[in-house]
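Inside the fold
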Amino acid sequence: MRTIKWKDGVVTTIDQTLLPDDEVWIEMRNCNEVAEAIKEMKIRGAPLIGAAVAYGLALTAYHSKAKNRSDFLKELKRSAEILRKTRPTAVNLFWALDRILRKVVNAEGDLEALKIMVIEEAKQIADEDVAANRMIGKHGSNLISDGDTILTHCNAGRLATVDYGTALAVIRAAWEEGKRIKVIATETRPKLQGARLTAYELMRDGIPVTLITDNMVGYVMFKGLVNKVIVGADRIVQDAVINKVGTYTIAVLAYEHSIPFYVAAPSSTFDLNSSSKDVIIEERSPKEVTHIRSVRIAPPNINVMNPAFDITPIKYVDAIIYEGGILTKEDFKKMLKSP
Ligand code: MRU
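So, here's what we can say about the structure. All values derive from a computational prediction rather than experimental measurement.

Here T60 lies in helix α2 (residues 46-63). Filtering out sequence-adjacent residues up to four positions away, T60 remains in contact with C31, E75, L76 and S79.

See below:
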């Protein structure tokens, strides 16, 4: 089941803020509506954000009243600027916008042909995401053994992608191959993607999942209750993996307990010309920390920090699973050196 769909100038997706209680599909008819849905995290997860902004440009193209190429390109670039300002960390967002703009700016053809090109490229980005995730599952399941208990953080599942997931693709593929595995999902404060989304997704697929709070990771590792970790990524740079805040803590604990720590992500999440110091870590509203859903749990006016992501040095990553295969640390370093 795809999490984002295009039909005749309307984009539909599940409002993820309402899960797990209600599965409500929302309709978006212009790029502003897509931008708002991303800011409010109705749409979230790096690959899904990439597909959503691509469809945002497709909406602009489909409904454009521009009379010539130059006006059309201006309109498209204005939409891209609106979409660029939604969330700063997941590189898939910038990758998708730049890919479409580059293609259209360099293309020949009349106005109608350019509009169709934008829409087709957006569909292609969504299709490629599904294909990449299937390959991630296929490669990654080789790392999983019958009887494994795998810890995952946040939601790197179908809901974070167009379909099938990244970290959860590996888990799904291993399960589909008949491996009897179990999953431990961290709740993922403050937005609770693990408790709300990963738990929901895996239970729907019948994959055994146990929910823990984020601060229980040390305990379950110390007790030998976990033997692998797989997480997704928002951006993979030369020296680090940027992912949901809490990932770094899990990686260091995994290292200390000699538990393999794997990152699963499509190549659209790679930003190999940058290093961690170049990345903007999104700082979100203090209310996400002082409140759980709409209930306040901290004193009014308390100072708050709310970085949405953290930085895990490559040292802690045993392998990166992408659509091209499995990269060990050494493979990854070689990839950085190759032109
Ligand atoms: O803030 P979110 O929910 O968009 O963050 C999502 C994550 O950090 C995921 O792990 C990442 O995007 C990979 S999803 C396949």
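Looking now at the sheet that holds strand β5 (residues 182-186). The mixed open sheet is built from seven strands, whose spatial order is β6-β5-β4-β7-β10-β14-β15. Of all the strands in the sheet, just β6 (209-212) and β15 (325-328) have a single pairing partner and so form its edges. Ignoring strand direction, the axes of neighbouring strands in this sheet form an average angle of 25 degrees. Along the sheet face, helix α5 (residues 111-140) touches β10 (261-264), β14 (319-322) and β15 and points at about 135 degrees away from the line of β14.

Turning our eyes to something else, we now look at the packing of α2 against helix α3 (residues 69-84). Where α2 contacts α3, the two axes come as close as 10 Å, and the packing angle between them is 145 degrees. Considering only the axes of α2 and α3, their crossing is right-handed. The residues of α3 that touch α2, namely those facing V53, G56, L57, T60 and A61, are F72, E75, L76, S79, A80 and L83. Its residues placed into classes, the contact of α2 with α3 shows seven nonpolar, three polar and one charged.

Turning next to the sheet that holds strand β1 (residues 4-7). With respect to topology, three strands assemble into an open sheet ordered β1-β2-β3, the strand pairing being antiparallel. Taken across any chain shown, the strands that pair with only one partner, and hence form the sheet edges, are β1 and β3 (25-28). Going from strand to strand, the sheet's axes swing by 25 degrees on average, the running direction of each strand aside. Pairing of strand β2 (residues 10-14) with β3, which is carried by four bridges, proceeds in the antiparallel orientation. Following the sheet pairing, T12 is matched in β3 by E27. Across the sheet, α2 lies against β1, β2 and β3, angled at about 15 degrees from β1, the strand it touches most.

In the region of the ligand, 18 residues are neighbours, and R44, Q193, D234, N243 and K244 sit closest. Contact distances for the ligand include 2.5 Å between an oxygen atom and a side-chain N or O atom of R44. Here an oxygen atom of the ligand and a backbone polar atom of G45 are 3.0 Å apart. Summarising the interface, the protein chains cover 100% of the accessible area of the ligand, which totals 410 Å² for the free molecule. Listed by contribution, the elements that provide at least two residues to the shell around the ligand are α2 and β9 (240-244). Classifying every residue of the shell around the ligand gives eight nonpolar, six polar and four charged.

Moving on to the packing of helix α1 (residues 31-39) against α3. Look at α1 against α3: their axes get within 9 Å of each other, and the N-to-C directions meet at 10 degrees. As summarised for this structure, α1 and α3 are arranged roughly parallel, according to the angle between their axes. In this structure, α1 uses C31, N32, V34 and A35 to contact α3, whose residues at the interface are S79, I82 and L83. In terms of residue class, the contact of α1 with α3 is made up of five nonpolar, two polar and no charged.

Right, let's get into the pairing of β5. Taking burial as the measure, the five residues of β5 include four buried ones, the bulk of the element. Note on the crossover from strand β4 (residues 149-152) through helix α6 (residues 167-176) to β5: the handedness is right-handed. Both β5 and β6 contribute to a ladder of four bridges, which runs parallel. Paired with T186 across the bridge in β6 is I212. Note that the unit made of β5, helix α7 (residues 193-205) and β6 has a crossover that is right-handed.

Moving on to unusual backbone geometry. Omega for the peptide link from L19 to P20 comes to 10 degrees, which places this bond in the cis form. Here P20 lies in the loop between β2 and β3. Following R189, the chain continues to P190 via a peptide bond in cis, the omega torsion being 0 degrees. Mapping P190 onto the fold places it in the loop between β5 and α7. Here the phi dihedral of Y164 falls at roughly 75 degrees; this positive angle occurs in a residue that is not glycine. Inspection of the secondary structure assignment puts Y164 in the loop between β4 and α6. Here L192, not a glycine, exhibits a phi torsion of approximately 65 degrees, which is positive.

This part covers helix α9 (residues 247-256). Taken residue by residue, α9 has T247, I250, A251 and A254 as its buried positions. Along the axis of α9, the buried positions cluster into a sector of 100 degrees, meaning they face one direction only. The first or second residue beyond α9 is S258, which carries a positive phi of 55 degrees.

A cluster of nonpolar side chains, I292, V295 and I297, forms an exposed patch at the surface whose accessible area comes to about 260 Å². Structurally, V295 can be placed in strand β12 (residues 295-296). Taking the relative accessible area as the measure of exposure, V295 reaches 52% and is therefore exposed.

The rules we used
Residues numbered from 1 in each chain as written. Predicted model: local features only at pLDDT ≥ 70, side-chain atom pairs only at ≥ 80, totals over all residues. Heavy atoms only, no water. Helix = DSSP H or I, 4+ residues; strand = E, 2+ residues; numbered from the N terminus. Contact = heavy atoms within 4.5 Å. Pairing = 2+ DSSP bridges. Axes fitted to C-alpha atoms, helices over the stretch in contact; angles between N-to-C directions. Left-handed = near helix turned anticlockwise from the far one by under 90°. Nonpolar A, V, L, I, M, F, W, Y, C, P; charged D, E, K, R; others polar. Near = heavy atom within 4 Å. Polar contact = N/O pair within 3.5 Å; in protein donor to acceptor, adjacent residues only side chain to side chain. Areas by Shrake-Rupley, 256 points an atom, 1.4 Å probe, with all protein chains shown as cover. Parallel < 35°, antiparallel > 145°, perpendicular 65-115°, else oblique. Buried < 20%, exposed > 50% of the residue type's maximum accessible area, 1.4 Å probe, protein only. Right-handed = clockwise from strand over helix to strand, strands pointing away. Arc of directions from axis to C-beta. Patch = residues over 30% accessible without salt bridge, like charges linked within 9 Å, V, L, I, M, F, W, Y side chains within 5 Å. Salt bridge = Lys/Arg side-chain N within 4 Å of Asp/Glu carboxyl O.

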